[in-house]
Amino acid sequence: MTTMMTTATMNNPQVENDSMDVSVVDEQMSFDNTELDLGDQHLEFVEDADVNAESLTTAPVSIPAMLCDDKLLEEINAIPNKMGFKIGDVAEILGIKQYVLRYWETEFDVLRPKKASNNQRMYTRKDVENALLIRKLLHRDRFSIEGARNAMKELKAHVRKEKDMSQVFTKLDHVNGAVDDLVADIRRVRQMFL
């Protein structure tokens, strides 16, 4: 960046006066860190995911709003309800070539389709959702491969943290219910001796 700036200032002295310090630009830019709540369990990353009907419609997952938009949600909802997708099907859904998907498999850990006995890639619905998000990050949001990889890792950590928190809340609700039942039982026993 220093070389480019030096060349630019030598050719045009006005550039030096008009250029802003990167830290000033970073301070002026602000990102909305609000979260968007999705109705389905889209974009949840599970290491050994087996797709079944229950996993597609369980508790909602929230993702940072800066990674999600209406077009992505429409694309996710437009995915056909199938158990598996061949690479040609996924490429057609995404509007990209098959070799691009193969390349993304080498670059992104979340995109690991299973291989059938005939050595064909079989993508799950979750794989297709991840590929849609990758395409959005790379093509629409203009992330670099490294930037998109980091965004996906952050999203994965965010989803895991949220899943852990929801499990804690579920356990607390269960404990609160048990305590309420215990208090009610104690009151009934107390009433018997009065």
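In the block above lies the structure referred to throughout.
Residues numbered from 1 in each chain as written. Predicted model: local features only at pLDDT ≥ 70, side-chain atom pairs only at ≥ 80, totals over all residues. Heavy atoms only, no water.

S.K.: What am I meant to see in unusual backbone geometry here?
M.R.: Glycine aside, residues mostly have negative phi, and peptide bonds are mostly found in the trans state. Of note, Asn119 is a non-glycine position whose phi angle comes to about 70 degrees, a positive value. Position of Asn119 relative to the elements: it lies in the loop between β4 (114-115) and β5 (121-123). The class of Asn119 is exposed, set by a relative accessible area of 52%. Despite not being glycine, Arg142 has its phi angle at roughly 60 degrees, a positive value. Following the sequence through the fold, Arg142 ends up in the loop between α8 (125-140) and α9 (145-193). (Helix = DSSP H or I, 4+ residues; strand = E, 2+ residues; numbered from the N terminus. Buried < 20%, exposed > 50% of the residue type's maximum accessible area, 1.4 Å probe, protein only.)

S.K.: Can you walk me through the environment of Leu137 in this structure?
M.R.: Here Leu137 shows up in helix α8. Exposure remark for Leu137: the relative accessible area of 0% places this residue in the buried category. Separated by 14 residues in the primary sequence, Leu137 and Ala151 have C-alpha atoms spaced 8.5 Å apart. Dropping the residues within four chain positions of it, Leu137 is found in contact with Leu67, Arg142, Phe143, Ala148, Ala151 and Met152. (Contact = heavy atoms within 4.5 Å.)

S.K.: Just to check I follow, could you spell out the sheet that holds β5 for this structure?
M.R.: Across a sheet, strands are paired by hydrogen bonds formed along the backbone, either parallel or antiparallel in direction. What the three strands build is an open sheet, ordered β3-β5-β4; its pairing is antiparallel. Only two strands of the sheet have a single partner each, and these edge strands are β3 (85-86) and β4. Pairing of β4 with β5, which is carried by two bridges, proceeds in the antiparallel orientation. Bridge assignment links Lys115 to a residue of β5, and that residue is Arg121. Those strands touched by α8 are β3 and β5, and its axis lies near 85 degrees from that of β5. (Pairing = 2+ DSSP bridges. Axes fitted to C-alpha atoms, helices over the stretch in contact; angles between N-to-C directions.)

S.K.: Just checking my understanding: could you explain the environment of Met83 for this structure?
M.R.: Relative to the helices and strands, Met83 is located in the loop between α5 (70-77) and β3. Using a relative accessible area of 62% as the deciding quantity, one classes Met83 as exposed. Measuring from C-alpha to C-alpha, the distance between Met83 and Arg125 comes to 7.2 Å, with 42 residues separating the pair along the chain.

Such coordinate-based values are descriptive only and should not be taken to indicate function.
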